[in-house]
Every structure is written in structure tokens, then in C-alpha cells.
Amino acid sequence: MKKLFLKTTLYIVLVLISLEGIVRVFHLAKDNPARYIDKHKVEKWVPNQEGYSVTGNRRQNFSKFYINNSGYNSYREFTPSKEKTEIALVGDSFIEGFHQHYYNSIGKKIENRLEGVEVYEYGYAGYDLADQLHLIWAYKDQFDLIDHVVLGFKFENDLTRDEYHVVKDRMQLESPLYKNLRRIKLLVYAQNIGILDPVRNVISRILMLGKKSNNTKKVATQKEIEEKQLKYLENFKSLIDIYGFDKARFVFLLDSNKTPGVFLDYLDHSGLKYIDTYHELSKSKTPTTLIYDRHWNNHGRNIIASLIVENYKLKD
């Protein structure tokens, strides 16, 4: 019996080692760049990292990323000056662009259409408007040299707070435990394709034993929806009051179909400009998003780049 146990254990270990090797050789698991908080309390990626972003159990999406000296996924360094013309794209994972090769990003597509213009992509997954405005404020000397700034914006999740603070939950991913677990590529792959979900669900059920559970999802009333929209609008006003907003250089990139009229009206009445992505993306006969999530695919990114180019030309 002891011999059988030892052999079984040995075989399991060898199988796991073999699977780990297969995952690494064929790049089936995504690489996770390290993040940090700089001296200005801006959360970003540790500079000078590179790797591959992988999605799906059959590498449905496989793209290379490169973190530049400024801590963002980009094909170029950020060196603004009075002598050059620059555009900055600031936003979350849609601007970050891990779903596309870094050398074929939205910024690169814009540069291909605007001769002599450099595009800087300050994209980081999870950034909301507080993150974006704090970043611009923290690096004011740099952004003051940039001619045109586009801020990616989503009303539903960008205005949940009225001032900036470091999100500690994300930084927990940089703990020694998580870092060591990420080195096991087989574990990363299993998590990404959902193999570990049943185990996680069982643990959750065990932890919930003896506790009252209410799985019924409450449908918000019209009054609650309106109150939430007004709360978000107040958060927006607070952020603008704290960090300011250069109406001449700054413009929002948003989907009007997902943005309440009360907020769009406020932007119009306040003279705050925005680029509406809804009409161009919705009328496309070719899909504009990836098949497994809502991030823009290459075609969608081409449309976004064209909209930003058109807006920039109108500004001139």
C-alpha cells in the first residue's frame, strides 16, 4: 500500500511538472507584470517589463506588452516638449491595450494618421476618473507640455468616489504570496480558464455556512437610479474642483448610449468636450469587440483611432 502511494505521488508530481513545462513552452498562461505606487502616489506598472497577455484556453487572444520607463504599456517613451506636438491617451484597460500588440496600439494607429505627432498612452487597468485626474495633477509639469489630452470615460464605474486615494486591494496582488503563486504558470492557466472556479465556489459555500444568504438581485427603482446618477454627478464636480480641467486641451472619450442624459447635458452646459464613440462603433457591420469580452478588437481600435484623429483635426 505504501509503495502504491509513493508511486501515485511520484506520477502526479511528474504529470504536474510536464504540464507546467507545456504551459510555459506554448505560452498558454498570461504574464503578470508587477505593479507599484510611485513617489506621487500614482499606481502603475514597474518600468521596463515585457511579456505576453493571453486569454482563453486556446490562446484566443495572444499579444505582447512592453512597459516603458514611465510605467505604461507603450511602444515609445514619454518625452513631451514645447517643440513637439503630442497627444496623451489616459484611461483604463481599454487604453492600456494588453489585448493588442503594444506596437499596434491605438496610439500607434493615431500616429500613422497624423504625421509629426507623438502619442503617449497612460493606460492602466482599473483607472477611474479620480486616478486619471490625480495622474495628470501629479505629473503636471509633463502634461502641461502635451497639446491634447483624451480621457477614457465610463459613467457607470468612473465616478464612484469624489476624491483620489490609493486602492489598497489591487496592491495586495503584489504581496509575496501572490507573487510566488504567479510564478506557477500552470496555476495561472488553470485560474484563467475557470478550472479553479468550482473549488472557489465550494470554499465560499463552506465559509457561508450558518450565515444568512440573499442571492436575490434587487432591481433598482427609477428613483434609485436617478439618485445614483446625481451622486455620480456630484462626485464628478468634486474631482473637477480638486484637480481642475483644461477645457482647451482636455476631451472625454465616451459612449453616449451608456451615459445618462443628465451628465451629457452637464458637459454641454459646462463647455466640457467629449468624443462620442457610440454611433461609429454601433453602425459597423464588422464586430468591434473581442469575442470573449467587451474590449475593442483591432477593427474597433481603428475606429477609435479615427475618431480621435478627427477630433484633433477639428481642434486645429
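Residue numbers here run from 1 along each chain, matching the order of that chain's written sequence. Residues qualify for local features only when their pLDDT is at least 70, as the model is predicted, and side-chain atom pairs are given and counted only at 80 or more; totals for whole chains, interfaces and linings, by contrast, use all residues. Only hydrogens and water are set aside when side-chain values are computed; all heavy atoms of the structure are taken into account.

All right, on to the environment of Ile193 then. To qualify as a helix, a DSSP run of H or I must reach at least 4 residues; to qualify as a strand, a run of E must reach at least 2; elements of each kind are numbered from the N terminus. Here Ile193 is to be found in the loop between α9 (185-192) and α10 (197-207). Using a relative accessible area of 30% as the deciding quantity, one classes Ile193 as partly exposed. In sequence terms Ile193 and Arg58 are 135 residues apart; their C-alpha atoms lie 9.5 Å from each other. Exposure categories follow from relative accessible area, calculated using a 1.4 Å probe and restricted to protein chains: below 20% of the type maximum is buried, above 50% is exposed, and the middle band is partly exposed.

The next point concerns the nonpolar core. Generally speaking, nonpolar side chains in soluble globular proteins are found buried as a group. Residue types Ala, Val, Leu, Ile, Met, Phe, Trp, Tyr and Cys, when buried and joined through side-chain atoms within 4.5 Å, form a set referred to as a nonpolar core. Counting residues in hydrophobic clusters, the biggest one holds 42 residues, and the most contacted among them are Tyr122 and Phe143. Only β5 (85-91), β6 (117-123), α4 (129-138), β7 (148-152), α11 (222-243), β8 (250-254) and α12 (261-270) provide two or more residues apiece to this core. Contact definition: two residues touch when any of their heavy atoms are within 4.5 Å. Sequence-distant contacts of Phe143, defined by excluding residues within four places in its chain, comprise Ala88, Val90, Tyr122, Leu135, Ile136, Val149 and Arg249. Grouped together as the second largest cluster of nonpolar side chains are 22 residues, Val150, Ile275, Leu281 and Leu307 included.

Another aspect to go through is the pattern of salt bridges. Any Lys or Arg side-chain nitrogen located within 4 Å of an Asp or Glu carboxyl oxygen qualifies as a salt bridge. Tallying each qualifying case throughout the model produces 20 salt bridges. Close ionic contact of Lys64 with Glu50 constitutes a salt bridge, the shortest N to O distance being 3.1 Å. Taken as a pair, Lys64 in strand β4 (residues 61-66) and Glu50 in strand β3 (residues 50-55) lie far apart in primary sequence, 14 residues in all. Among the salt bridges present, the one from Arg249 reaches Asp144, with a minimum N-O distance of 3.9 Å. With Arg249 in the loop between α11 and β8 and Asp144 in the loop between α5 (140-143) and β7, the pair connects residues that are 105 residues apart, well separated along the chain. Its relative accessible area of 14% is what places Arg249 among the buried residues. Salt bridges sharing partners connect three or more residues here, namely Arg35, Glu43, Arg170, Glu174 and Arg182.

Turning to α12, its buried residues are Phe263, Leu264 and Leu267. Along the axis of α12, the buried residues cluster in a sector spanning 100 degrees; they form a single face. Contacts from the buried residues of α12 go to α6 (155-158), α11, β8 and β9 (274-276). The first or second residue beyond α12 is Gly271, which carries a positive phi of 75 degrees. Starting at the helix axis, one direction is taken to each C-beta atom, and the arc is that of these directions.

With that settled, the discussion passes to the side chain of Arg301. Along the chain, the position of Arg301 falls in helix α14 (residues 298-315). Within the buried set, Arg301 has no salt-bridge partner at all; the shortest N-O distance to an opposite charge, 6.6 Å, is to Glu121. The contacts of Arg301, once residues within four sequence positions are left out, are Phe94, Gly97, His99, Gln100, Ile106, Lys109 and Trp296. In this tally, Asp and Glu contribute negative charge and Lys and Arg positive charge; neither His nor the terminal groups of the chain are included.

Our next topic: the packing of α4 against α11. Orientation is described by axes fitted as lines to C-alpha atoms, over the contacting stretch for helices, and by angles from 0 to 180 degrees between their N-to-C directions. Their axes nearest at 10 Å, the elements α4 and α11 cross at an angle of 5 degrees. On the basis of their axis angle, the class for α4 and α11 is roughly parallel. Across from Leu129, Ala130, Leu133, His134 and Trp137 in α4, the residues of α11 making contact are Phe236, Leu239, Ile240 and Tyr243. In the contact of α4 with α11, the residues fall into eight nonpolar, one polar and no charged. Just so you know how the angles are binned, under 35 degrees is roughly parallel, over 145 roughly antiparallel, 65 to 115 roughly perpendicular, and the rest oblique. By the convention adopted, Pro, Cys, Tyr, Trp, Phe, Met, Ile, Leu, Val and Ala count as nonpolar, Lys, Arg, Asp and Glu as charged, and the other residues, Gly among them, as polar.

Bringing the packing of helix α1 (residues 2-25) against α9 into the picture now. The angle between the axes and the distance between the axes are what describe a pair of packed helices. Direction vectors running N to C along α1 and α9 enclose 75 degrees, while the axes themselves pass 8 Å from each other. As summarised for this structure, α1 and α9 are arranged roughly perpendicular, according to the angle between their axes. The segment α1 lies against α9, with Leu16, Leu19, Glu20, Val23 and Arg24 engaging Lys185, Leu186 and Tyr189. Counted by class, the contact of α1 with α9 contains five nonpolar, no polar and three charged residues.

Without a salt bridge and with relative accessible area above 30%, a residue can belong to a patch; like charges are then joined within 9 Å and nonpolar side chains (Val, Leu, Ile, Met, Phe, Trp, Tyr) within 5 Å. Residue exposure ignores everything except the shown protein chains as possible cover, and the areas themselves are Shrake-Rupley values with a 1.4 Å probe. A cluster of nonpolar side chains, namely Ile12, Val15, Leu16, Leu19, Ile22, Val25 and Phe26, defines an oily patch on the protein surface of about 640 Å² accessible area. With respect to the helices and strands, Val15 occurs in helix α1.

For the rest of this paragraph, the subject is the sheet that holds β5. Strands sit in the order β6-β5-β7-β8-β9 across an open sheet of five strands; the sheet is parallel. The open sheet terminates on both sides in strands that have one partner only, identified here as β6 and β9. Each strand of the sheet is rotated relative to its neighbour by a mean of 20 degrees, with strand direction disregarded. The sheet contacts of α4 involve β5, β6, β7 and β8, and relative to β7 the element is tilted by about 155 degrees. Pairing between strands is defined by DSSP: at least two bridges between them are needed.

On to α11, then. Relative to the 32 Å expected for 22 residues at 1.5 Å per residue, α11 spans 32 Å between its end C-alpha atoms, a close match to the ideal helical length. Along α11, the positions that sit buried rather than exposed are Tyr232, Leu233, Asn235, Phe236, Leu239, Ile240 and Tyr243. For α11, the buried positions fall inside an angular range of 160 degrees around the axis, keeping them on one side. Relative to its buried face, α11 has exposed residues pointing more than 90 degrees away, namely Lys223 and Asp241. The secondary structure elements touched by the buried residues of α11 are α4, α6, β8 and α12. One or two steps after α11, the chain reaches Gly244, where phi turns positive at roughly 80 degrees. Here the expected length of a helix is defined as 1.5 Å per residue gap, with one fewer gap than residues.

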